Structures are given as C-alpha cells and as structure tokens.
Amino acid sequence: MLKKIYVVRHCEAVGQSPDAQLTDKGFNQAFELCEFFSNIKIDQIIASPYKRAIESIQPLAKRLGLDVEIDRRLTERILSTNNLSDWFEKLRNTFEDIELKYEGGESSREAMNRIVEVVEEIFSRNNDHTVVVTHGNLMSLLFMFYNKDFGFDNWERLSNPDVFLLSKEGNQVTFKRIWD
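First, a word on scope: everything that follows refers to the structure included in this document. (Residues numbered from 1 in each chain as written. Predicted model: local features only at pLDDT ≥ 70, side-chain atom pairs only at ≥ 80, totals over all residues. Heavy atoms only, no water.)

Glancing now at the pattern of salt bridges. Any two side chains of opposite charge can pair, so long as their charged atoms come close to each other. If you walk through the whole model with that rule in mind, you get 15 salt bridges. A salt bridge links Asp 128 to Lys 3, with the shortest nitrogen-to-oxygen separation between them at 3.8 Å. Of the two residues, Asp 128 is situated in the loop between helix 4 (108–124) and strand 4 (129–134) and Lys 3 in strand 1 (residues 2–9); the sequence distance between them amounts to 125 residues. Here Asp 128 matches Lys 3 in class, with each residue buried. (Salt bridge = Lys/Arg side-chain N within 4 Å of Asp/Glu carboxyl O. Helix = DSSP H or I, 4+ residues; strand = E, 2+ residues; numbered from the N terminus. Buried < 20%, exposed > 50% of the residue type's maximum accessible area, 1.4 Å probe, protein only.)

See below:
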C-alpha cells in the first residue's frame, strides 16, 4: 500500500527562536498552503512545537477539523549554543561530515535520526496521508537519509514554505518537491 507524507517547511517567520511567529507574509503563505492542500486527502497533521510551524499549518487543520499533533523531535536542529559568526560555513561542513558536532549542538546524524524516527513511525501507522511541519535543516537531513546526493546546496534552495511528497510503497521510499 502507498503511504504519503507531505513534509512542509514552515512559512516565513520573524526569527529563529522557538516562539518566533509568522510575518504578515507568512500568515498569507499559511492560507496559500491551506489552499494547496484543499484537494488532497489528509488523515493527520504533526508539527514541530515551534510557533512558526504550528501557525503555518493551523488554517489547514481548522479547515479539515484535525488537531495538530505536536512532536518535539521535529524541532529545528541546533548547530551550536554559541553564536557562530561563520555559522553558514559551519553548517556546510556538517553536511559534508555528518558526525561533526559543535559546542552545545547536535551532529547532522543525531538530527537526522530524530526525524527519520518520526517518519518511520508514521509509515508504520494506519494513516496513509500525513502532513509533517518542520524546519529546513531538519527536512534536508531527512532527504539526505533517503538520498545521499541531497545536501547543502539543496538546503540553500529551499523556500519558506516548501512542500515535498515523501512516499513509501513496499520498502521503497522516494521524495519529490511539489511546491512551486
């Protein structure tokens, strides 16, 4: 049986903190997401506990009469607890060496394991159509798990929001970008 997970990167937000809310443009994007999913069957919605993730999918949840299930494993990956002036280069390095870890942060492998665990649990459930709302770095690591060629350059090309369809048929997992 074909199982589908729609992996959504949150809409535009005012910052990176867990309580950063959507910008005005981000709220408009959330309604665009709602329209985008209007003709797609959805059984469940799971989101990062970050405010921007929840606000991004709230219009769809309301329209469908579904609760947004919160999963802490979908929070954005922490690169470091230090303020890194060269964070962009350090992030690039973690895509090349997935074991690399900076002070107070988690390695790409650790973050990857978190989101893969969520996805594998979803694939094992009875629901066939799930929306997962998360963050750019974490979703990139998910796709890297299923395709080693997905890397830093792909992360750079993600948009806010962004939507990918992750499908599993038998033991075969594939993904493709479906947001324009």
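The geometry of helix 4 relative to helix 5 (residues 136–146) is characterised by a closest axis approach of 8 Å and an angle of 75° between their N-to-C directions. By the angle class used here, helix 4 and helix 5 are roughly perpendicular. Between helix 4 and helix 5, the residues in contact are Ser 108, Ala 111, Met 112, Arg 114, Ile 115, Val 116, Val 119, Glu 120 and Phe 123 and Leu 138, Met 139, Leu 141, Leu 142, Met 144, Phe 145 and Tyr 146, respectively. Its residues placed into classes, the contact of helix 4 with helix 5 shows 13 nonpolar, one polar and two charged. (Axes fitted to C-alpha atoms, helices over the stretch in contact; angles between N-to-C directions. Parallel < 35°, antiparallel > 145°, perpendicular 65-115°, else oblique. Contact = heavy atoms within 4.5 Å. Nonpolar A, V, L, I, M, F, W, Y, C, P; charged D, E, K, R; others polar.)

Further remarks concern the sheet that holds strand 6 (residues 172–177). Taken together, six strands build an open sheet; the order of strands is 3-2-4-1-5-6 and the sheet is mixed. In the strand order of this sheet, the two ends are held by strand 3 (68–70) and strand 6, each with one partner. Averaged over neighbouring strand pairs, the angle between their axes works out to 25° when direction is ignored. Lying over the sheet, helix 2 (residues 51–64) contacts strand 2 (44–47), strand 3 and strand 4, oriented at roughly 150° with respect to strand 4. (Pairing = 2+ DSSP bridges.)

Turning to the pairing of strand 2, a few remarks are in order. The two faces of a sheet get side chains in turn, since along a regular strand they alternate between them. Neither face of strand 2 is open: one carries Gln 44 and Ile 46, the other Ile 45 and Ala 47, and all of them are buried. As defined by bridge partners, strand 2 adjoins strand 4 across four bridges and the pair is classed as parallel. What sits directly across from Ala 47, in strand 4, is Val 133. Bridging between strand 2 and strand 3 involves three bridges; their strand directions are parallel. If you follow Ala 47 over to strand 3, its bridge partner there is Ile 70. With helix 2 bridging strand 2 and the parallel strand 3, this β-α-β connection has right-handed handedness. (Right-handed = clockwise from strand over helix to strand, strands pointing away.)

Before going further, it helps to spend a moment on the packing of aromatic side chains. For the structure shown, the criterion picks out 15 aromatic pairs. Residues Phe 150 and Phe 164 carry aromatic rings whose centres are separated by 6.3 Å and whose planes lie at 80° to one another, so their mutual orientation is edge-to-face. Of this pair, Phe 150 sits in the loop between helix 5 and helix 6 (152–156) while Phe 164 is found in strand 5 (residues 162–169), placing the two residues 14 residues apart along the sequence. Judged by its relative accessible area of 6%, Phe 164 is buried. Between the aromatic rings of Phe 152 and Trp 155, the centroid separation amounts to 5.2 Å while the plane-to-plane angle is 35°, which identifies the pairing as tilted. Of this pair, Phe 152 and Trp 155 both sit in helix 6, separated by three residues, roughly a single helical turn. Here Phe 152 and Trp 155 have matching classes, each one buried. Through a chain of ring-to-ring contacts, the aromatic side chains of Trp 87, Phe 88, Phe 95, Phe 152 and Trp 155 assemble into a single cluster. (Phe/Tyr/Trp six-rings, centres within 6.5 Å; stacked < 30°, edge-to-face > 60°.)

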